[in-house]
Amino acid sequence: MSKDIQIRNGSNLNLEGEANKILVDIPVSKTFSLNPDDFFNITPKLIVKEGDSVKKGSPLFFSKQNPRIHFVSPVAGEVTVIVRGAKRKILQVVVTSDGSNEVVSHEISDFESLDADAVKEIILKSGSWPFIKQRPYGTIANPDDFPNAIFVSTINTAPLGADFQYILEKKHDNFKTGLTVLNSLVDQAVFLGIDAAFSKPFENIENVQKYTVSGPHPAGNLSLHIQELSPINMGDKVWTVNAEDVANIGNFVLTGVQDLKRTIALAGSAVKYPKYFSVNIGIELSPMLSEVTITEDQVRCINGDVLSGSTSHENGYLGYYNNTVSVIPEGNDYRMFGWLPFKDNHILSLSNTSFSKLFNKKGFSVDTNLNGEERAIVVTGEMEKVFPLDLFP
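What counts, and where the lines are drawn
- Residues numbered from 1 in each chain as written.
- Predicted model: local features only at pLDDT ≥ 70, side-chain atom pairs only at ≥ 80, totals over all residues.
- Heavy atoms only, no water.
- Salt bridge = Lys/Arg side-chain N within 4 Å of Asp/Glu carboxyl O.
- Buried < 20%, exposed > 50% of the residue type's maximum accessible area, 1.4 Å probe, protein only.
- Helix = DSSP H or I, 4+ residues; strand = E, 2+ residues; numbered from the N terminus.
- 1 Å grid on protein atoms, 1.4 Å probe; cavity = no way out; pocket = protein on both sides within 12 Å on 5 of 7 lines; lining within 4 Å.
- Points joined across faces, edges and corners; volume = space filled by probe spheres on them.
- Nonpolar A, V, L, I, M, F, W, Y, C, P; charged D, E, K, R; others polar.
- Pairing = 2+ DSSP bridges.
- pLDDT = per-residue confidence, 0-100.
- Axes fitted to C-alpha atoms, helices over the stretch in contact; angles between N-to-C directions.
- Parallel < 35°, antiparallel > 145°, perpendicular 65-115°, else oblique.
- Contact = heavy atoms within 4.5 Å.

Asks: Quick rundown of the pattern of salt bridges? Include the residues and the values.
Replies: Where charged atoms of side chains with opposite charge meet at close range, the side chains can pair. Inspection of the entire model under this criterion finds 11 salt bridges. We note a salt bridge from Lys 49 to Asp 52, for which the minimum N-O separation is 3.5 Å. Given the relative accessible area of 55%, Lys 49 is considered exposed. Between Arg 68 and Asp 144 there is a salt bridge, with its nearest N and O atoms 2.7 Å apart. Of this pair, Arg 68 sits in the loop between strand E6 (59-63) and strand E7 (70-72) while Asp 144 is found in the loop between strand E11 (139-140) and strand E12 (149-153), placing the two residues 76 residues apart along the sequence. Overall, Arg 68 belongs to the partly exposed group, its relative accessible area being 32%. Residues joined by salt bridges that share partners form a network here, namely Lys 171, Glu 244, Asp 245 and Arg 262.

In structure tokens form, the structure reads like this:
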């Protein structure tokens, strides 16, 4: 029986540029990159050096804290650049694809009969373990730990966020297999979050604890789901896995080949025909951007959504965990007297002071302009209106 989570505190940002339900395979990128900074609290130790040839699924580096956790190449090719920063910190490991389909294959017996330790070893050897993250702190899970619960959410309420219902349409069988794998790692069934309005694609999935979520953003925030269904006490660990990565794990145990796939919603008001792209993790952003029409001369490319994503160069690379790339206009203009209530009513506001809700009901076109300087937070009670967790903002 499913459980229901309903929230009222929050707000949906109605922005222009939502990705259309059109999936495109783009030409293979020449270079791919893994960025160790995508993995919080991981100190990388290199396995390869510049000039080495690698297969798809070959380890590039491992975690110094736990050498069993490997990070593997998304393509076959040559390690062409290892970018280092201050104190020789590893910033990027860049692999240039040679266009071949050489892969690292793994022999997998009947995984459903294996115990938790054996399943962990399979996932670790494949390089799939970084898909599994741990709360608190959002670090990569420690394979030596045993979680109280595992959460998988197909709900994304972030502005212009990818629709996991759509992403999983053609990966349904792999997704179910991935859930079976995760079930073997925990005592209780995996918690599966589904949108209350779009639960039909997941009705035939069994042996999971389904729950529905409704309400404004951040209703899709996993911290909220965990607080409601399996609160973390002192010493507890809860694991979380991105919905598409569950399908990637399922595909691996069925084929023995690691497939680091990402379905990306390329969205934003600066994109004329926003759509979805099927790519490999770590791809260059420029091949995707060249497949759409950019309507602005100066844009901000964001790895992720406009609220929680990180700024990226247009020639940068896709973040490891991202399913969304947002492209919005750069806010270089100054709005004189922008604080006036009747001025620029097209500007998005959470209050009614600018009458913004009477305009642009189809969505707001936002840019990066802060419309003011950085100032101290004033305690007005406004934060509590959009903060659903049982904490002080």
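Now that the structure has been shown, the text picks up again.
Asks: Requested: an account of empty space enclosed by the protein, with residues and values cited.
Replies: Overall, the coordinates contain one cavity of 30 Å³ or more when judged by the stated rule. If you add up the space inside the largest cavity, you get close to 40 Å³. Lining of the largest cavity is provided by Phe 111, Val 119, Ile 122, Ile 123, Val 181 and Val 253. With three residues, helix H1 (residues 116-126) is the largest single contributor of residues to the lining of the largest cavity. Grouping the amino acids of the lining of the largest cavity by side-chain chemistry returns six nonpolar, no polar and no charged.

Asks: So, the pairing of strand E10 (residues 132-135): which residues are in play, and what are the values?
Replies: Of the two faces of E10, the one lined by Ile 132 and Gln 134 is fully buried and the one lined by Lys 133 and Arg 135 carries no buried residue. Across four bridges, E10 lies against strand E15 (residues 238-242) in antiparallel orientation. Within E15, the position partnered with Ile 132 by the bridge is Val 241. The pairing of E10 with E11 spans two bridges and is antiparallel. Bridging across to E11, Gln 134 finds its partner in Thr 139. Connecting E10 to the next strand, E11, in antiparallel fashion are three residues, including Tyr 137 with a positive phi near 85 degrees.

Asks: Let's hear about the sheet that holds strand E5 (residues 53-54): which residues, and what values?
Replies: Here we have four strands laid out as an open sheet, ordered E3-E9-E8-E5, and antiparallel in their pairing. For this open sheet the edge positions go to strand E3 (31-34) and E5, each flanked by a neighbour on one side alone. Bridge count for E5 against strand E8 (residues 77-84) is two bridges, and the pairing is antiparallel. Bridging from a neighbouring strand, Val 54 pairs with Gly 77 of E8.

Asks: Help me get a handle on the confidence of the model for the protein chain, residues and values and all.
Replies: On average, the protein chain scores 90 in pLDDT, and the residues at 70 or more come to 93%. Averaged pLDDT values over the elements of the protein chain bottom out at 84 in helix H7 (residues 382-385) and peak at 98 in E15.

Asks: A description of the packing of helix H3 (residues 172-183) against helix H5 (residues 243-255) should follow, citing residues and the corresponding values.
Replies: At a minimum axis separation of 7 Å, H3 and H5 run at an interaxial angle of 85 degrees. One way to sum up the angle between H3 and H5 is to call them roughly perpendicular. Residues Asn 174, Phe 175, Thr 177, Gly 178, Leu 179, Val 181 and Leu 182 of H3 lie in contact with H5, whose contacting residues are Ala 243, Val 246, Ala 247, Ile 249, Gly 250, Asn 251, Val 253 and Leu 254. Residue composition of the contact of H3 with H5, grouped by class: 10 nonpolar, five polar and no charged.

Asks: Give me the lowdown on the environment of Leu 391, citing residues and values where you can.
Replies: Following the sequence through the fold, Leu 391 ends up in the segment after H7. Sequence separation between Leu 391 and Lys 171 is 220 residues, and the spatial gap between their C-alpha atoms is 37 Å.

Asks: Just give me the short version of the layout of surface pockets, but keep the residues and values in it.
Replies: Of the voids in this model, the second largest pocket is the one considered here, and its volume is about 1,300 Å³. Along its surface, the second largest pocket is lined by 43 residues, and Lys 133, Asp 305, Ser 308, Tyr 321 and Asn 322 are the ones closest to its centre. Among the secondary structure elements, those contributing two or more residues to the lining of the second largest pocket are E3, E10, E15 and strand E19 (310-312). Its residues assigned to classes, the lining of the second largest pocket shows 14 nonpolar, 24 polar and five charged.

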